[in-house]
Amino acid sequence: MLRTTQAIDLVEGGVKVNALPEKASVVINHRIAEHSSVNEVKDHITSVIAPVAIEYNLALNAFGEDIPIFTEGQNLQNKSRIILSEAFYSALEPSPVTPVALNGPYGVLSGTIKATLESSMRYEANRVVVAPSLALGNTDTRFYWNLTQHIFRYSHRGDKDDMYNGLHTVNEAVRADSIIEQIRFFTKLILNCDETKLF
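- As annotated in an unreviewed UniProt entry, the chain carries the name Peptidase M20 dimerisation domain-containing protein and is attributed to Marasmiellus scandens.

1. Focus on the UniProt feature "domain: Peptidase M20 dimerisation" (unreviewed entry) in the chain
- The positions UniProt marks with the feature "domain: Peptidase M20 dimerisation" (unreviewed entry) are residues 3–56.
- As a span, residues 3–56 carries 33% helix and 28% strand, and end to end its C-alpha atoms are 30 Å apart.

2. A word on the pattern of salt bridges
- In the structure shown here, the tally under the stated rule is 5 salt bridges.
- A salt bridge links Arg81 to Asp66, with the nearest nitrogen and oxygen atoms 3.6 Å apart. Taken as a pair, Arg81 in strand S5 (residues 81–84) and Asp66 in strand S4 (residues 65–66) lie far apart in primary sequence, 15 residues in all.
- Between Glu181 and Arg184 there is a salt bridge, with the nearest N and O atoms lying 3.0 Å from each other. Here the residue Glu181 and the residue Arg184 both occupy positions in helix H3 (residues 176–195), the gap between them amounting to 3 residues, near one helical turn.

3. Quick look at the packing of helix H2 (residues 105–118) against H3
- In contact at an axis separation of 9 Å, H2 and H3 are set at 135 degrees when each is read in the N-to-C sense. Relative to H3, the element H2 is oriented oblique. Handedness of the H2/H3 crossing: right-handed. In this structure, H2 contributes Val108, Leu109, Thr112, Ile113, Ala115 and Thr116 to the contact, and H3 contributes Glu181, Arg184, Phe185, Lys188, Leu189, Asn192 and Cys193.
- Here the contact of H2 with H3 is composed, by residue class, of 7 nonpolar, 3 polar and 3 charged.

4. Considerations on the nonpolar core
- Formed by Ile32, Val38, Val41, Ile45, Ala50, Ala53, Leu58, Leu60, Ala62, Ile67, Ile82 and Leu84, the largest nonpolar core amounts to 12 residues.
- If you list the elements that add at least two residues to this core, you get helix H1 (38–55), strand S3 (59–62) and S5.
- With 5 residues, the top contributor of residues to this core is H1.
- Residues in contact with Val41, not counting those within four places in the same chain, are Thr4, His30, Ile32 and Ser36.
- In this structure, Leu109, Ile113, Leu117 and Leu189 belong to the second largest nonpolar core, which totals 7 residues.

5. Here's the deal with the sheet that holds S4
- With respect to topology, 3 strands assemble into an open sheet ordered S4-S3-S5, the strand pairing being mixed. Taken across any chain shown, the strands that pair with only one partner, and hence form the sheet edges, are S4 and S5.

6. Observations regarding the packing of aromatic side chains
- Scanning the entire structure with this criterion turns up 3 aromatic pairs.
- On the numbers, 5.0 Å between centres and 70 degrees between planes, the contact of Phe185 with Phe186 is edge-to-face.
- By relative accessible area, which is 1% here, Phe185 ends up buried.
- Owing to a relative accessible area of 40%, Phe186 belongs among the partly exposed residues under this scheme.
- One aromatic cluster is present, formed by Tyr154, Phe185 and Phe186 through successive ring pairs.

7. So, the pairing of S3
- Because side chains alternate across S3, one face comprises the buried residues Ala59 and Asn61, and the other comprises Leu60 and Ala62, equally buried.
- In this sheet, S4 lies alongside S3 in antiparallel orientation, the contact comprising 2 bridges. Bridge pairing links Ala62 to Glu65 in S4.

Criteria and thresholds
Residues numbered from 1 in each chain as written. Predicted model: local features only at pLDDT ≥ 70, side-chain atom pairs only at ≥ 80, totals over all residues. Heavy atoms only, no water. UniProt positions renumbered as here; feature names shortened; annotations may be inferred. Helix = DSSP H or I, 4+ residues; strand = E, 2+ residues; numbered from the N terminus. Salt bridge = Lys/Arg side-chain N within 4 Å of Asp/Glu carboxyl O. Axes fitted to C-alpha atoms, helices over the stretch in contact; angles between N-to-C directions. Parallel < 35°, antiparallel > 145°, perpendicular 65-115°, else oblique. Left-handed = near helix turned anticlockwise from the far one by under 90°. Contact = heavy atoms within 4.5 Å. Nonpolar A, V, L, I, M, F, W, Y, C, P; charged D, E, K, R; others polar. Core = buried A, V, L, I, M, F, W, Y, C linked by side-chain atoms within 4.5 Å. Buried < 20%, exposed > 50% of the residue type's maximum accessible area, 1.4 Å probe, protein only. Pairing = 2+ DSSP bridges. Phe/Tyr/Trp six-rings, centres within 6.5 Å; stacked < 30°, edge-to-face > 60°.

Below you can see the structure in the form of structure tokens.
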């Protein structure tokens, strides 16, 4: 939540066990910090890769632009190259920050979270304090940016529910009693939204 993170998630290379790959590729997943931008990440990647290209006498194309890092007059046409590009053409700026004033929609959400936790048999919760945080994984909320500034990424599950069998892996699962808690939460949220004068 403090800086841009990166993870190399896809790696692809050779086609035979007895031959070096003629081409190799990696896909790096960046979670861009709220205070950064796509261009800042691209500039950083380019500045890190340029010295490698120079050291190994490779041409460098960064996001559609040939980077002039070699001496004048060199023929780059037949040169081996590093190509940096947006994977799947999916670069996305960090999401807008949602307002968290208690007299707005956030107040309805946080009050509902507090009421649901404090009335649950599953938790021994009283005097619950709800605090906002950043969610840096750009989810489908990007389709709602033009609709409202009040976008909340919240799932009413405990910290041991999501990782029951491993997140985003084989047999991903959640505990059944957490589903019941989610039903309780959404029931309260719908009723609270129905009663508030905000909407």
